[in-house]
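If you want the building blocks of each chain, they are given just below.
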Amino acid sequence: MIKYPMTVQGARALEEEHAHLTKVVRPKLSQDIGTARELGDLKENAEYHAAREQQGMVEARIRDIEGRLQNAVIIDVTTIEHTGKVIFGTTVEIANVETDESVTYQIVGEDEADIKQRKISVGSPIARALVGKSEGDVVAVQTPSGLVEYEIVEVRHI
């Protein structure tokens, strides 16, 4: 059985999505299917087939969320002693050694990763290079453009 590491916020987001799908989207799709059924011949009823296809995708997503939540290992980084080491859930500020450009990322579970929000998956190359290291350490990360070195400026438990 695969366990999925997840932050408290990530678990909450999945629970909210699950509630929305089961309490809002699912009933609306059932209603849409009923309405489309009333339109007559189901063989040539595009509205019916579209609603059934949408229902299948929603049901698959609901099952996926339920499975992930059931197998989630929820980690609340705020309850873990702050040692300056990078661990799952921490927020890390890193600086490119060559250009001195800095960026901040939070290391999260696979389902929570969103580069626009500066959340990277624990399985990403940069997160794998950072985990276990401490403030002040320099890590090398293999990127598509070559090897890049970053210094860990700050590790925060948020």
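Everything that follows concerns the structure shown earlier in this document.
Residues numbered from 1 in each chain as written. Predicted model: local features only at pLDDT ≥ 70, side-chain atom pairs only at ≥ 80, totals over all residues. Heavy atoms only, no water.

Description of helix 2 (residues 46–70)
With 25 residues, helix 2 extends 36 Å between its outermost C-alpha atoms, agreeing within 8% with the 36 Å of an ideal straight helix rising 1.5 Å per residue. Where helix 2 is concerned, the buried positions are Tyr 48, Ala 51, Gln 55, Val 58, Ile 62, Ile 65 and Arg 68. On its buried side, helix 2 packs onto strand 1 (4–7), helix 1 (8–37) and strand 2 (72–75). (Helix = DSSP H or I, 4+ residues; strand = E, 2+ residues; numbered from the N terminus. Expected span 1.5 Å × (residues − 1). Buried < 20%, exposed > 50% of the residue type's maximum accessible area, 1.4 Å probe, protein only. Contact = heavy atoms within 4.5 Å.)

Here's the deal with the pairing of strand 6 (residues 138–143)
Burial along strand 6 is one-sided: the face carrying Val 139, Val 141 and Thr 143 is buried and the face carrying Val 138, Ala 140 and Gln 142 is not. Two strands pair when backbone bridges link them, and strand 6 and strand 7 (residues 146–156) are joined in this way by six bridges, in the antiparallel orientation. In the strand pairing of strand 7, Gln 142 is matched with Leu 147. Connecting the antiparallel pair strand 6 and strand 7 is a turn made up of two residues. (Pairing = 2+ DSSP bridges.)

Comments concerning the packing of aromatic side chains
Counted by the stated rule, this structure contains zero aromatic pairs. The side chain of Arg 68 reaches across the aromatic face of Tyr 4, ending 4.3 Å from its centre. (Phe/Tyr/Trp six-rings, centres within 6.5 Å; stacked < 30°, edge-to-face > 60°. Lys NZ or Arg CZ within 6 Å of the ring centre and 35° of its normal.)

Describing the sheet that holds strand 3 (residues 91–96)
Taken in spatial order, the five strands of this open sheet run 5-4-3-7-6, and their pairing is mixed. Two strands lie at the open edges of the sheet, namely strand 5 (119–121) and strand 6, each paired on one side alone. Each strand of the sheet is rotated relative to its neighbour by a mean of 45 degrees, with strand direction disregarded. Direction of pairing for strand 3 relative to strand 4 (residues 102–108): antiparallel, over a ladder of five bridges. Considered in strand 4, the bridge of Glu 93 is made with Thr 104. (Axes fitted to C-alpha atoms, helices over the stretch in contact; angles between N-to-C directions.)

Comments concerning the side chain of Asn 71
Residue placement: Asn 71 occurs in the loop between helix 2 and strand 2. Taking the relative accessible area as the measure of exposure, Asn 71 reaches 15% and is therefore buried. Contacts of Asn 71, omitting those with residues within four sequence positions, involve Met 1, Ile 2, Lys 3 and Tyr 4.

Concerning the environment of Gly 84
Tracing the chain through its elements places Gly 84 in the loop between strand 2 and strand 3. With residues near it in sequence (within four places) discarded, Gly 84 still touches Lys 133, Ser 134, Glu 135 and Val 155.

Notes on the side chain of His 18
If you trace the backbone, His 18 turns up in helix 1. The exposure class assigned to His 18 is buried, which follows from its relative accessible area of 19%. If we skip the residues at most four places from it in the chain, His 18 touches Ile 62, Ile 65 and Glu 66.

Here we look at the pattern of salt bridges
Applying the stated criterion across every chain yields a total of eight salt bridges. The closest approach of N and O atoms between Arg 61 and Asp 64, which form a salt bridge, is 2.8 Å. Of the two residues, Arg 61 and Asp 64 both sit in helix 2, three residues apart, roughly one turn of that helix. What makes Asp 64 partly exposed here is its relative accessible area of 31%. Asp 111 serves as the salt-bridge partner of Arg 68, at 3.3 Å between the closest nitrogen and oxygen. Of the two residues, Arg 68 is situated in helix 2 and Asp 111 in the loop between strand 4 and strand 5; the sequence distance between them amounts to 43 residues. What makes Arg 68 buried here is its relative accessible area of 13%. In this structure Asp 111 comes out as partly exposed when scored by relative accessible area, which is 35%. Bridged by salt links that share partners, the residues Glu 17, Arg 61, Asp 64, Arg 68, Glu 110 and Asp 111 form one connected network. (Salt bridge = Lys/Arg side-chain N within 4 Å of Asp/Glu carboxyl O.)

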